[in-house]
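One letter stands for each residue in the lines below.
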Amino acid sequence: MIDVKRILVGCALFVGIIIPGFLSCVSALASYDETSPPALPGSEGEGEQTQEAVEPQPVDIWAILAKVMELLEAGDYDGALGCFDEVDPIIAESSRALILKASILSSAGRLGESRTIIEGVISQEPRNTDALLVLATIEGAVGKEREQRAILERILTVDPAKVEALISLGTIALRDRSLRAAASYFDRALAAEPENGDALVGKALVFWYNQDPQNAEALLNKAITLYPQWAVPLSERARIYRNTGYFKYALADMDAAKELNPGNYWIAIDRGNVLLDLKKKREALEEFNRAIQLDPNNFLAYVYSAGIKDDFKDYDGAEQDYIILARLRPDYYFGFEGVGMHHMRKGRWAEARDAFLEAYKQAPQETTYALLAAMNWMRAGKITDPKPLLEQAMRQAPRDSVEWPILRLYRDLSGDSDMAARVEKETNLEVKARMLYYLANYYDIRKNKTLANSYFVQVKDLNQQHIVEWRLNEWVLEERNLGGTW
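No experiment lies behind these values; they were computed from the predicted model shown.

### So, the overall build of the protein chain
Phase 1: If you tally the helices and strands in the protein chain, you get 27 helices and zero strands.
Phase 2: Residues classed as buried in the protein chain amount to 52% of the 486 residues present.
Phase 3: Taking the contacts inside the protein chain whose residues are at least 6 apart along the sequence as the reference set, 54% of them involve residues at least 24 apart.
Phase 4: Surface accessibility of the protein chain: about 22200 Å² in total, with carbon and sulfur atoms responsible for 49%.

Written out as structure tokens, the structure reads:
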């Protein structure tokens, strides 16, 4: 994300106005949740390029710039862009104003328009590092990391101490887990600006990934002290506390981060996870629901909310979350797994089959999905139709896997005695529970409900609650009043 405020400062300075209280320098491509920490007193700056002073402009220019700032704070990019129509054309066509406009367009997701403007500036001023930073951000936004990195390195040839470029390169290296390179970039940024918030957080993350939580915490403590109104170092410190088992400290930091930035999706997700660590599922569900309200098109919150709703027996709510999850992220096969399970719960066998077939398509290494699809296919009255699917799955499954003999049983519709004998000898409780579940369903499909029910109860007795088959089995026990707890 481009720091449009910093560029706005430069634009204001160009027209002879001093705007106090803005950060002079943050990463042009911050990987964090906010664009920048709040400013330290006296940290204003123009950026690299300077221009000759002009006569101070009338007060209405200040009013326009203030209006731009207000609109940016509110996230009204269109409104901020509209302010350029009120600016004197000479000022509006200056490189600083054009960089500001391109930055706002980029932040609004209008990357093509932003690129056109910024490339025009660079063609006239090829060494303008602020313009190059905007172009680097655009390249990163469209996934051109190689081009982005090349532009950032070009900036450093012009200004080796350009902090924004150093932090951006450090962030890229950190994402690639090139920790030595990341540390070097952040160290150079801190040498230029020892109290730069993004550089402090970036170096803290290097320490954390290098399994040095003490030094990571120390740098985050410093960032929190310097920027008490900035949520990022609080949320990063909370992750350290969470991963080291200090859940109450983590929650305190996430509470503070939420208060500072209540509209941040990732703070809601992280806070929900801490609440789960503290066994506060209902509060966690509220937080994940809040995350969904903040960004209903992000799939992650639905993963957590669906699971919690299942635990609370809000099956209809869980099913809806899984349906949305599968729609948002069809490659995330757990969503189809959840949809299939809830269709099974309602006896919608054909729909369950289709959901598990889609899960198997997304994850062909998970032969369990092929087996569940075949089982539901048979329950839908097509007992021989899944044979090609079962044969395909058998070719992929290792012969010593738990699925292979079950797949063969369902394919051949015989061999249940051998399967039952194999189950009796099995010592791995998880494997045994899964084999019992599919053997029970085999007998159920073959209309031997007495034997099927006996095996369903045996699955429960093994208490392997972490497997998919456990929850499916519990629903059967509840439906048949066989001692289930759901």
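### What to know about the nonpolar core
Phase 1: F356, M375, I406, Y410, Y437, Y438 and L439 are the most contacted members of the largest nonpolar core, which has 87 residues in total.
Phase 2: With ten residues, the top contributor of residues to this core is helix α25 (residues 429–445).
Phase 3: Judged by nonpolar contacts, the second largest core, of 62 residues, contains A97, V134, A182 and A216.

### A look at the confidence of the model for the protein chain
Phase 1: Counting all residues, the mean pLDDT for the protein chain is 88, and 87% of those residues have values of 70 or more.
Phase 2: This stretch, residues 41–51, has a pLDDT under 50; its non-local contacts, to residues over four places away or in other chains, come to 32 contacts.

### Description of the layout of surface pockets
Phase 1: In this structure, the largest pocket encloses a volume near 720 Å³.
Phase 2: Residue lining of the largest pocket: 29 residues in total, with F334, E337, H466, I467 and V468 positioned closest to the centre.
Phase 3: The element best represented in the lining of the largest pocket is helix α19 (residues 333–345), accounting for six residues.
Phase 4: Of the residues assigned to the lining of the largest pocket, the class counts are 14 nonpolar, six polar and nine charged.

### A short note on the packing of helix α15 (residues 265–277) against helix α17 (residues 300–311)
Each packed pair of helices is defined by two parameters, the angle between the axes and the distance between the axes.
Phase 1: Following both chains from N to C, one finds α15 and α17 inclined at 30 degrees, their axes separated by 10 Å at the closest point. When the interaxial angle is binned, α15 and α17 end up roughly parallel. Along this stretch, α15 crosses α17, giving a crossing that reads as left-handed. Taken together, the residues of α17 that come into contact with α15 (itself represented by Y265, W266, I269, N273 and L276) are L300, A301, Y304 and I308.
Phase 2: Of the residues that constitute the contact of α15 with α17, the class distribution is eight nonpolar, one polar and no charged.

### So, the packing of helix α9 (residues 163–175) against helix α10 (residues 179–192)
Phase 1: Close contact between α9 and α10 brings their axes to 8 Å; oriented N to C, the two are set at 160 degrees. As summarised for this structure, α9 and α10 are arranged roughly antiparallel, according to the angle between their axes. Considering the relative orientation of α9 and α10, their crossing is left-handed. Contacts from V163, L166, I167, L169, G170, T171, A173 and L174 of α9 reach α10 at L179, A181, A182, Y185, F186, R188, A189 and A192.
Phase 2: Considered class by class, the residues forming the contact of α9 with α10 number 13 nonpolar, two polar and one charged.

### Thoughts on helix α11 (residues 197–209)
Phase 1: An ideal rise of 1.5 Å per residue puts 18 Å on 13 residues; α11 measures up with 19 Å between its terminal C-alpha atoms.
Phase 2: With ten of 13 residues buried, α11 is to be regarded as a mostly interior element.
Phase 3: Buried within α11 we find G197, D198, A199, L200, V201, G202, K203, A204, L205 and V206.
Phase 4: On its buried face, α11 is in contact with α9, α10, α12 (213–226) and α13 (232–243).

### Thoughts on the side chain of R434
Phase 1: Position of R434 among the secondary structure elements: in helix α25.
Phase 2: With a relative accessible area of 11%, R434 lands in the buried category.
Phase 3: At a separation of 3.2 Å, a polar atom in the side chain of R434 contacts the side chain of E469.
Phase 4: Ignoring anything within four residues of it in the chain, the contact list for R434 reads T368, V402, E403, I406, I467 and E469.

### Observations regarding the packing of aromatic side chains
Phase 1: For the structure shown, the criterion picks out 16 aromatic pairs.
Phase 2: Geometrically, the ring pair formed by F288 and Y304 is stacked, given 4.6 Å between the ring centres and 10 degrees between the ring planes. Linking F288 in helix α16 (residues 281–294) with Y304 in helix α17, this pair joins segments that are 16 residues apart in sequence.
Phase 3: For the pair Y442 and Y443, a centre-to-centre distance of 5.6 Å together with 70 degrees between the ring planes defines the contact as edge-to-face.
Phase 4: Residue placement shows R282 over the ring face of F312; its charged tip is 4.0 Å from the ring centre.
Phase 5: The ring of W377 carries the charged tip of R353 above its face, separated from the ring centre by 5.4 Å.

### Quick word on the pattern of salt bridges
Phase 1: The final tally for this structure, using the stated rule, is 35 salt bridges.
Phase 2: With a shortest N-O distance of 3.5 Å, E86 and K67 are connected by a salt bridge. Within this pair, whereas E86 is found in the loop between α3 (77–82) and α4 (89–92), its partner K67 is found in helix α2 (residues 59–73), the two being separated by 19 residues in sequence.
Phase 3: Measuring nitrogen to oxygen at the nearest pair gives 2.7 Å for the salt bridge that ties D253 to R237. Here D253 is found in helix α14 (residues 247–260), whereas its partner R237 is found in helix α13, with 16 residues between them in sequence.
Phase 4: According to the relative accessible area criterion, R237 is buried, its value standing at 15%.

### A short note on the environment of K346
Phase 1: As for its placement among the helices and strands, K346 is situated in the loop between α19 and α20 (349–362).
Phase 2: The exposure class of K346 is partly exposed, given its relative accessible area of 36%.
Phase 3: Taking the C-alpha atoms as reference, K346 lies 9.7 Å from W475; in sequence the two are 129 residues apart.

### A closer look at α10
Phase 1: Over its 14 residues, α10 extends 20 Å from the first C-alpha to the last, a length consistent with the 20 Å expected when each residue adds 1.5 Å.
Phase 2: Among all positions of α10, only L179, A182, A183, Y185, F186, A189 and L190 are buried. One side of α10 carries all its buried residues, which in axial view fall inside an arc of 165 degrees. Of the residues in α10, the exposed ones pointing more than 90 degrees away from the buried face are R180 and A191.
Phase 3: The inward-facing, buried residues of α10 contact α8 (145–158), α9 and α11.

### Let's talk about unusual backbone geometry
Most peptide bonds take the trans configuration, and most residues that are not glycine carry a negative phi.
Phase 1: Notably, K313 is not glycine yet its phi reads approximately 65 degrees, a positive angle.
Phase 2: On the secondary structure map, K313 appears in the loop between α17 and α18 (315–328).
Phase 3: Looking at K313, the relative accessible area reads 45%, which means it is partly exposed.
Phase 4: Although it is not a glycine, N481 sits at a positive phi angle of roughly 55 degrees.

Reading guide: rules and limits
- Residues numbered from 1 in each chain as written.
- Predicted model: local features only at pLDDT ≥ 70, side-chain atom pairs only at ≥ 80, totals over all residues.
- Heavy atoms only, no water.
- Helix = DSSP H or I, 4+ residues; strand = E, 2+ residues; numbered from the N terminus.
- Buried < 20%, exposed > 50% of the residue type's maximum accessible area, 1.4 Å probe, protein only.
- Contact = heavy atoms within 4.5 Å.
- Areas by Shrake-Rupley, 256 points an atom, 1.4 Å probe, with all protein chains shown as cover.
- Core = buried A, V, L, I, M, F, W, Y, C linked by side-chain atoms within 4.5 Å.
- pLDDT = per-residue confidence, 0-100.
- 1 Å grid on protein atoms, 1.4 Å probe; cavity = no way out; pocket = protein on both sides within 12 Å on 5 of 7 lines; lining within 4 Å.
- Points joined across faces, edges and corners; volume = space filled by probe spheres on them.
- Nonpolar A, V, L, I, M, F, W, Y, C, P; charged D, E, K, R; others polar.
- Axes fitted to C-alpha atoms, helices over the stretch in contact; angles between N-to-C directions.
- Parallel < 35°, antiparallel > 145°, perpendicular 65-115°, else oblique.
- Left-handed = near helix turned anticlockwise from the far one by under 90°.
- Expected span 1.5 Å × (residues − 1).
- Polar contact = N/O pair within 3.5 Å; in protein donor to acceptor, adjacent residues only side chain to side chain.
- Phe/Tyr/Trp six-rings, centres within 6.5 Å; stacked < 30°, edge-to-face > 60°.
- Lys NZ or Arg CZ within 6 Å of the ring centre and 35° of its normal.
- Salt bridge = Lys/Arg side-chain N within 4 Å of Asp/Glu carboxyl O.
- Arc of directions from axis to C-beta.

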